[in-house]
Amino acid sequence: MPLIIKNLSISIGKRELLLDESVGIADGSKVGLIGRNGAGKTTFLKAILGQADYTGSIEYNGKAAYFSQHIDLNPDKTMRETLEQSATIHHQNPFQQELEEIEKQISNPAISRNNPSQLEKLTQRYSELLTKMAHHQTPAPTNKINSALKTLEIKEAWLGQKIGALSTGQRAIVALAQILSSDANFLLLDEPTNHLDFKRLGILEKYLQTFRGTVLMVTHDRYFLDQVCDTILKIEKGKWIKYKGNYSDYVKTREAAFEAQTTAYNQENKYLAIEKDKIARIGKSPQKVTQGKYRERLLEKREIVEKPDMDKSEFKTHFDASPISSTVVLELENLCVGYDKPLISNINFKVGADQRIVLIGENGLGKSTLFKTIEGRLKPISGEVIFDHQAKLGYADQELKDLASDATLYDEIHAKLKDMAKTRQNLSMMGFVEDKEVFKPISQLSMGEKSRLNLLKILIEKPNLLLLDEPTNHLDIDAREIVENAFLNYDGAVLAVSHDRYFIEKIAQRIFTVGNGAIKEIPVKR
């Protein structure tokens, strides 16, 4: 068994994420780790790698590689240079600790001068450990790099580009290529589907399905969980619940368990009410009082049936739009966008004041660049971006760069509303209700919580045109469904880039695909 966890407890400050939990993951398993935003999924992955504090025991065999949702690559290196260095391999062989112990023994005069045979054994072991460490730090062989390039269909033209010039999606592909070119047999993947186009999503699905090692991944992509996973591990109120099967199997099992628990809870409450009523009517004679107390003690000894809870994100939200009298809120006319050279040319389309449009296409083709041009962060190479005079734009980029990390959630929203009651009311609309959530520093939020806050910050202004770059990235599954329903009831226009198949199917009224330097509309399939 590649991963064995015993009596694991993890906390951040006073908040317990996991309490005395144990679980085993069998070799070759494909495990989806799910739970609400902030439940501790990323922290758990980091604990496995020794990058987060915990108590208890974590043991794993083999070589682990970690894909972080925070893609941290050197922006000054080219893609080729970056790929020559495969992902860091993590292992539990205490090389460094043993090396330090041997160094102490070798420096001991009692051994170095008086025990030559022991000294020879220590020197030989020291050499073996250095060799093993070097093996774990060795760059990926060229054949494995080439295989990863071929698998992910990375274009030759990308290889000479600096990482800093790549799109977020392209950087995610590079980070995945590092994982695929390593010799890891235990993959820890934190939101690997975020930012990936449909082609790479399909490629990653097939790769993980046939991967002979073990996979433990955090993702909120419902379709991806169904295609890849054979086990679901849910973090819920500091506990783990393990389910066999994919995400759809989990939903069925979960709902059946909830119904059974609801029936048991209702039956128990009915029984308790009847018994308490009987006790109340027993009478007040000494014998009757004794009998009543006896019955009360029997009730107290009964096992408590907990009220069933689906542990869902259950906030309610509604998006208001500023009024607009025109039927068209935005028109792109002969627009050409890019940097040194055009990425997309001859863009001509109108956005209706109440339309929901989704842009799709491969990574690196200019979708985010188009949004930045519409928003005004980039100048168009040529052509025009024409807004209606009543248009009010709200723009959410996928990198969440517009949040002040040194502020609290309350500070961030109060700075806009200048009213305590309205601030708390709006925060509650995105699921931030309790003081410990509202006054938490933004730097301590999970990516999903940051995504909800960022969306709220934009919607407070009541825009009637939303530019959303991968809006469901990082959101937990329940939060995605809540936000999707809010978009369906939104009176303004939505122009979104997304590769979330559930989101597109539910939201899109029109779909445009980006490819070969152009944009074209394709039929919406229902």
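Conventions adopted
Residues numbered from 1 in each chain as written. Predicted model: local features only at pLDDT ≥ 70, side-chain atom pairs only at ≥ 80, totals over all residues. Heavy atoms only, no water. Axes fitted to C-alpha atoms, helices over the stretch in contact; angles between N-to-C directions. Helix = DSSP H or I, 4+ residues; strand = E, 2+ residues; numbered from the N terminus. Parallel < 35°, antiparallel > 145°, perpendicular 65-115°, else oblique. Contact = heavy atoms within 4.5 Å. Nonpolar A, V, L, I, M, F, W, Y, C, P; charged D, E, K, R; others polar. Expected span 1.5 Å × (residues − 1). Buried < 20%, exposed > 50% of the residue type's maximum accessible area, 1.4 Å probe, protein only. Polar contact = N/O pair within 3.5 Å; in protein donor to acceptor, adjacent residues only side chain to side chain. Pairing = 2+ DSSP bridges. Salt bridge = Lys/Arg side-chain N within 4 Å of Asp/Glu carboxyl O. Phe/Tyr/Trp six-rings, centres within 6.5 Å; stacked < 30°, edge-to-face > 60°. Lys NZ or Arg CZ within 6 Å of the ring centre and 35° of its normal.

A. Focus on the packing of helix H13 (residues 409–417) against helix H16 (residues 447–459). It is at 10 Å that the axes of H13 and H16 come closest, and there the two elements cross at 10 degrees. The angle between H13 and H16 places the two elements in the roughly parallel class. Contacts between H13 and H16 pair Leu 409, Glu 412, Ile 413 and Lys 416 from the former with Leu 453, Leu 456 and Lys 457 from the latter. Classifying every residue of the contact of H13 with H16 by side-chain character gives four nonpolar, no polar and three charged.

B. Spotlight on helix H8 (residues 198–210). The end-to-end C-alpha distance of H8 is 19 Å, a good match for the 18 Å that 13 residues give at a rise of 1.5 Å each. Those residues of H8 not exposed but buried are Arg 200, Leu 201, Ile 203, Leu 204, Glu 205 and Leu 208. Looking at where H8 begins, the residue whose side-chain oxygen comes 3.1 Å from the main-chain nitrogen of Lys 199 is Asp 197.

C. The arrangement of the pairing of strand E9 (residues 231–236) in detail. The buried count for E9 comes to six of six residues, which makes it a mostly enclosed element. The alternating pattern of E9 places Thr 231, Leu 233 and Ile 235 and Ile 232, Lys 234 and Glu 236 on opposite faces, both of which are buried. In this structure, strand E3 (residues 30–34) lies alongside E9, joined through four bridges in parallel fashion. Bridge pairing in E9 places Gly 32 opposite Ile 232. Two elements, E9 and strand E10 (residues 239–244), share six bridges in a ladder whose sense is antiparallel. By the bridge assignment for E10, Ile 235 is matched with Trp 240.

D. Inspection of unusual backbone geometry at higher detail. The phi angle at Asn 334 is positive, at roughly 50 degrees, despite the residue not being glycine. Mapped onto the elements, Asn 334 comes out in strand E11 (residues 328–338). Of the residues examined, Asn 334 reaches a relative accessible area of 44% and is grouped as partly exposed. Even without glycine at this site, Asn 516 takes up a positive phi of about 55 degrees. In this structure, Asn 516 sits in the loop between strand E18 (510–515) and strand E19 (518–522). Residue classification places Asn 516 among the exposed residues on the basis of a relative accessible area of 85%.

E. Representation of the sheet that holds E10 within the structure. The sheet built from seven strands is open, its strands ordered E6-E5-E7-E8-E3-E9-E10 with mixed pairing. Looking along the sheet, the strands with just one partner apiece sit at the ends: strand E6 (89–90) and E10. In the packing of helix H1 (residues 41–48) onto the sheet, the strands contacted are E3, strand E5 (64–67), strand E7 (186–190), strand E8 (214–218), E9 and E10, and the crossing angle to E7 comes to about 150 degrees. This element, helix H7 (residues 168–180), spans E5 and E7 of the sheet and lies at about 175 degrees to E5.

F. A look at the pattern of salt bridges. Going through the model one piece at a time under the given rule, you end up with 28 salt bridges. Of the charged contacts in the structure, one is a salt bridge between Arg 480 and Asp 500, with a shortest N-O distance of 2.8 Å. Placement of Arg 480 in helix H17 (residues 477–488) and of Asp 500 in the loop between strand E17 (493–497) and helix H18 (501–507) is noted, with a sequence separation of 20 residues between them. Like Arg 480, the residue Asp 500 is buried in the burial classification. A salt bridge links Glu 521 to Arg 510, with the shortest nitrogen-to-oxygen separation between them at 3.0 Å. With Glu 521 in strand E19 and Arg 510 in strand E18, this residue pair connects regions lying eleven residues apart in the sequence. Given a relative accessible area of 41%, Glu 521 falls into the partly exposed group. Connected through shared salt-bridge partners, Glu 153, Lys 155, Asp 197, Lys 199, Arg 200 and Glu 362 make up one network.

G. Focus on the side chain of Thr 78. Within the fold, Thr 78 resides in the loop between E5 and helix H2 (79–83). Setting aside residues up to four positions removed in sequence, Thr 78 forms contacts with Leu 159, Gly 160, Gln 161, Lys 162 and Ile 163.

H. Main features of the packing of aromatic side chains. Using the criterion set out here, one finds ten aromatic pairs in the structure. A ring pair is formed by Tyr 207 and Phe 211, whose centres lie 5.9 Å apart and whose planes are at 25 degrees; its orientation type is stacked. The class of Phe 211 is buried, set by a relative accessible area of 13%. Here the aromatic residues Phe 319, Phe 487, Tyr 490 and Phe 503 are joined through ring pairs into a cluster of three or more. The lysine or arginine in question, Arg 452, covers the ring of Phe 432, its NZ or CZ lying 4.5 Å from the ring centre.

I. Examining the sheet that holds strand E2 (residues 15–25) more closely. Spatial ordering of the open sheet is given by E2-E1-E4, a layout of three strands whose pairing is antiparallel. In this open sheet, the two strands that pair with only one neighbour each are E2 and strand E4 (55–60). Strand-to-strand twist of the sheet, defined as the mean angle between neighbouring strand axes without regard to direction, takes the value 25 degrees. Sheet topology places strand E1 (residues 3–12) next to E4; five bridges connect them, and they run antiparallel. Among the inter-strand pairings, Ile 4 is bridged to a residue of E4, identified as Glu 59. The sheet strands contacting H1 are E1, E2 and E4, and the helix crosses E1 at an angle near 125 degrees.

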